[in-house]
Amino acid sequence: MEIKPIKTEADYQEALKLAETLMAATPDTPEGDRLDILVTLIEAYESKHYPMDFPDPVEAIKFEMEHKGLTAKNLAPMIGETNRVYEVLNRKRALSLNMIWRLNQELGIPAESLIKPVRKSS
């Protein structure tokens, strides 16, 4: 079970298989330490080769609404009157800085996602 740098897709697949065999390892044991190192290497490879982008603002808001069982009326304190909430959700109105701040603070939506340009609906 030699741990080595992950340089290729084959190395990555091999590292994933090895990590799977170590998932039950007890922390602070040689196997647990091996898993910690392996996970760090896997995460570094994934961030370089499979970067994840934040969703667009409307999709992020809709996800949080569904996840938390919220309605447009629940968003009114963060966005404004219900008709304004629908304008945002239907991509007819951009988020203001104040809306972004409130959505971030109240719902925990990452600001990086909320400040992205909104894709216009077709």
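Residues numbered from 1 in each chain as written. Predicted model: local features only at pLDDT ≥ 70, side-chain atom pairs only at ≥ 80, totals over all residues. Heavy atoms only, no water.

## Description of the packing of aromatic side chains
Stated precisely, the cut-off is as follows: A pair of Phe, Tyr and Trp rings is counted when the ring centres sit within 6.5 Å of each other, with Trp represented by its six-membered ring. The angle between the planes then sorts it: under 30 degrees is stacked, over 60 is edge-to-face, the rest tilted. Secondary structure elements follow DSSP: runs of H or I of four or more residues count as helices, runs of E of two or more count as strands, with numbering from the N terminus. Each residue's exposure class comes from its accessible area (1.4 Å probe, protein chains only) as a fraction of the maximum for that residue type: buried when under 20%, exposed when over 50%, partly exposed otherwise.
Under the defined criterion, the tally for this structure stands at 3 aromatic pairs. Aromatic pair tyrosine 12 and tyrosine 45: ring centres 4.9 Å apart, planes at 25 degrees, arrangement stacked. Placement of tyrosine 12 in helix α1 (residues 9–22) and of tyrosine 45 in helix α2 (residues 30–49) is noted, with a sequence separation of 33 residues between them. The buried category is assigned to tyrosine 12, whose relative accessible area is 8%. Ring geometry for tyrosine 45 and tyrosine 50: centres 6.4 Å apart, planes at 65 degrees, overall edge-to-face. Each residue in the set Tyr12, Tyr45 and Tyr50 is aromatic and connected to the rest through ring pairs, giving one cluster.

## Focus on the nonpolar core
Rules: Here, nonpolar core means buried Ala, Val, Leu, Ile, Met, Phe, Trp, Tyr and Cys residues that are tied together by side-chain atoms lying within 4.5 Å of each other. Contacts between residues were defined by any pair of non-hydrogen atoms, one from each residue, lying within 4.5 Å.
In terms of nonpolar packing, the biggest core is built from 17 residues, with Ile61, Leu75, Ile79, Leu95, Leu103 and Leu114 touching the most fellow members. Contributing elements (two or more residues each) for this core: α3 (57–68), α4 (72–79), α5 (82–89) and α6 (97–107). Excluding its chain neighbours within four sequence positions, the residues that come into contact with leucine 103 are Ile61, Leu75, Met78, Ile79, Leu95, Gly108, Ile109 and Leu114. Listed in part, the 10 residues of the second largest apolar core include Tyr12, Leu38, Ile42 and Tyr45.

## Describing the packing of α4 against α6
Defined as follows: Note on geometry: axes are lines fitted to C-alpha atoms, helical ones only across the stretch in contact, with angles between N-to-C directions running from 0 to 180 degrees. Here is the rule for angles: anything less than 35 degrees is roughly parallel, anything more than 145 is roughly antiparallel, 65 through 115 is roughly perpendicular, and the remaining ranges are oblique. Gly counts as polar in this scheme, as do all residues outside two lists: the nonpolar Ala, Val, Leu, Ile, Met, Phe, Trp, Tyr, Cys and Pro, and the charged Asp, Glu, Lys and Arg.
Contact pair α4 / α6: the axes reach a minimum separation of 8 Å and the direction vectors enclose 120 degrees. Considering the angle they form, α4 stands oblique to α6. Contacts from Leu75, Pro77, Met78 and Ile79 of α4 reach α6 at Met99, Arg102, Leu103, Glu106 and Leu107. In terms of residue class, the contact of α4 with α6 is made up of 7 nonpolar, no polar and 2 charged.

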